[in-house]
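# Observations on the three-dimensional arrangement
What follows is each chain in one-letter form.
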Amino acid sequence: MSRYVLRVASLATALGLWQLLTSLKVDLWLRFSQFPTVADIARAFADRVSGDDYWTDLTDSLTRILTGFALAAVLGVATGVLVARSRLAEDLLGPVLEVLRPIPAIALVPVAILLFPSDEQGIVFITCTAAFFPVLVSTRHSVRALTPVWEEAVRTMGGGRWRILGSVVLPGALPGIFGGLSVGIGVSWICVISAEMISGQYGVGYRTWQDYTIVNYPGVFVGMVTIGVLGWITSTTVELLGRWLTRWLPRTSYVPGGRPRPEVYSVAGDPVAGQADGESQQQPDAQQQDRGDTGQEARDEYFV
């Protein structure tokens, strides 16, 4: 509970500092006199929420981001697994993907305008492209990092290619895949807002740009806050989904305000239960010698 209180206090302190600097119109090097105050943004936010345009923009942006991200997740995972598992696919698709990957997704706006019959489809395409490459790269590296022992064990028990894919490859690569998905959802928000500013008719990015053109700076900050909250909600949802799907993984326990508990081992090498923090187990010199002899005998027996 103290951690949540600390987080709320941190946010409240930042907002309070913002209100103080803008209300006093402090101009040292940064020109805070040009910024709207927190109270002005709150009033503009209340006015915007009471209208229908705000919720229409919200629905349009969420529809675009979810559609593009879902397509990117499916295509990115499938392509990443294919490239990582097949040399032929890597030779055919690898060069094309590596040439396209450095191109910013927002630079594809002219391509989307020429390629797709409607702006809506072009924005979804840009959003999908932005999230596709982080998911692809993360999936490819995760699949290649899997230990071959797991695959050999499945083959030994008579499992085929699809059995290996469903029981070894995808479960083993899930942590890395969700790492790519977390990055991809953030990049998708950046690109969808930029695409809405350039070629959109509705959406949070479009409305934010319109407020800027009419010098409505509180409205601009309302759009920025909305984008930040939506991005935080979607990225948190992806992270929680990843934790739920990988709940079988061992996780490190976190002790607030404490150091990791040291493990104390017995002569046989097993952890000793019931040791308190900071306690150490003193062993006689004879026991230390026995432990060294036991380890030496085990190594000698292994080599024999």
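What you see is a predicted model, and the numbers here were worked out from it, not measured in a lab. (Residues numbered from 1 in each chain as written. Predicted model: local features only at pLDDT ≥ 70, side-chain atom pairs only at ≥ 80, totals over all residues. Heavy atoms only, no water.)

## A look at the overall build of the protein chain
What counts here: Each helix corresponds to a stretch of at least 4 residues labelled H or I by DSSP, and each strand to a stretch of at least 2 residues labelled E; elements are numbered beginning at the N terminus. Burial here depends on accessible area, computed with a 1.4 Å probe over protein chains only, as a share of the maximum for the residue type. Under 20% is buried, over 50% is exposed, and the range in between is partly exposed. Here a residue-residue contact requires only that any non-hydrogen atoms of the pair lie within 4.5 Å.
When helices and strands are tallied, the protein chain shows 11 helices and zero strands. The order of α-helices and β-strands along the protein chain, N terminus first, is α-α-α-α-α-α-α-α-α-α-α. Sorting the 304 residues of the protein chain into buried and exposed places 29% on the buried side. Of the contacts formed within the protein chain by residues at least 6 apart in sequence, a portion of 65% connects residues at least 24 apart.

## Things to note about the nonpolar core
The cut-off we apply is this: We define the nonpolar core as a collection of buried residues of types Ala, Val, Leu, Ile, Met, Phe, Trp, Tyr and Cys that are connected through side-chain atoms lying within 4.5 Å of one another.
Counting residues in hydrophobic clusters, the biggest one holds 46 residues, and the most contacted among them are I126, L181 and W189. Contributing elements (two or more residues each) for this core: α2 (38–49), α3 (52–85), α5 (109–115), α6 (119–144), α8 (161–199) and α10 (217–245). The element that contributes the greatest number of residues to this core is α8, accounting for 14 residues. Among residues more than four places away in sequence, those in contact with W189 are S61, L62, I65, L230, G231 and T234.

## Quick word on the pattern of salt bridges
Note the threshold: We define a salt bridge as a contact between a side-chain nitrogen of Lys or Arg and a carboxyl oxygen of Asp or Glu at a distance within 4 Å.
In the structure shown here, the tally under the stated rule is 11 salt bridges. The partner of D211 in a salt bridge is R48, and the shortest N-O contact between them spans 3.0 Å. Of this pair, D211 sits in helix α9 (residues 204–213) while R48 sits in helix α2; the two residues are 163 residues apart in sequence, bridging distant segments of the chain. In this structure D211 comes out as buried when scored by relative accessible area, which is 6%. R64 is the salt-bridge partner of E196, the closest N and O atoms lying 2.8 Å from each other. Of this pair, E196 sits in helix α8 while R64 sits in helix α3, placing them 132 residues apart in sequence. The class for R64 is buried, based on a relative accessible area of 4%. The network of salt bridges with shared partners includes R64, E120 and E196.

## Observations concerning the environment of Y54
To be explicit about the condition: Nitrogen and oxygen atoms within 3.5 Å of one another constitute a polar contact, given that in protein one can donate a hydrogen and the other can accept it, and given that sequence-neighbouring residues count only through two side-chain atoms.
Within the element layout of this structure, Y54 appears in helix α3. Sequence separation between Y54 and G203 is 149 residues; the distance between their C-alpha atoms is 8.5 Å. Residues contacting Y54, with those up to four places away along its chain left out, are F45, R48, V49, V222 and T226. In this structure the side chain of Y54 is engaged in a polar contact, spanning 3.0 Å, whose partner is the side chain of T226.

## Thoughts on the side chain of T246
Inspection of the secondary structure assignment puts T246 in the loop between α10 and α11 (285–303). When its relative accessible area of 6% is taken as the criterion, T246 is described as buried. A polar atom in the side chain of T246 sits 2.6 Å from the backbone oxygen of G242.

## Quick look at the environment of P175
Relative to the helices and strands, P175 resides in helix α8. Exposure remark for P175: the relative accessible area of 38% places this residue in the partly exposed category. For the pair formed by P175 and S138, sequence separation is 37 residues and the distance between their alpha carbons is 9.5 Å. For P175, the residues in contact, after removing those within four places along its chain, are T246 and L249.

## What about the confidence of the model for the protein chain?
To be explicit about the condition: Think of pLDDT as the predictor's per-residue confidence, scored from 0 to 100.
Put simply, the protein chain has an average pLDDT of 81, and 82% of its residues get 70 or more. Within the protein chain, the lowest mean pLDDT, 45, falls on α11, and the highest, 92, falls on α3. Note that residues 264–270 has pLDDT below 50 and, in this model, 18 contacts with residues that lie over four places away or in other chains. Note on residues 272–304: pLDDT is under 50 here. Beyond four places in sequence and across chains, it has 18 contacts.

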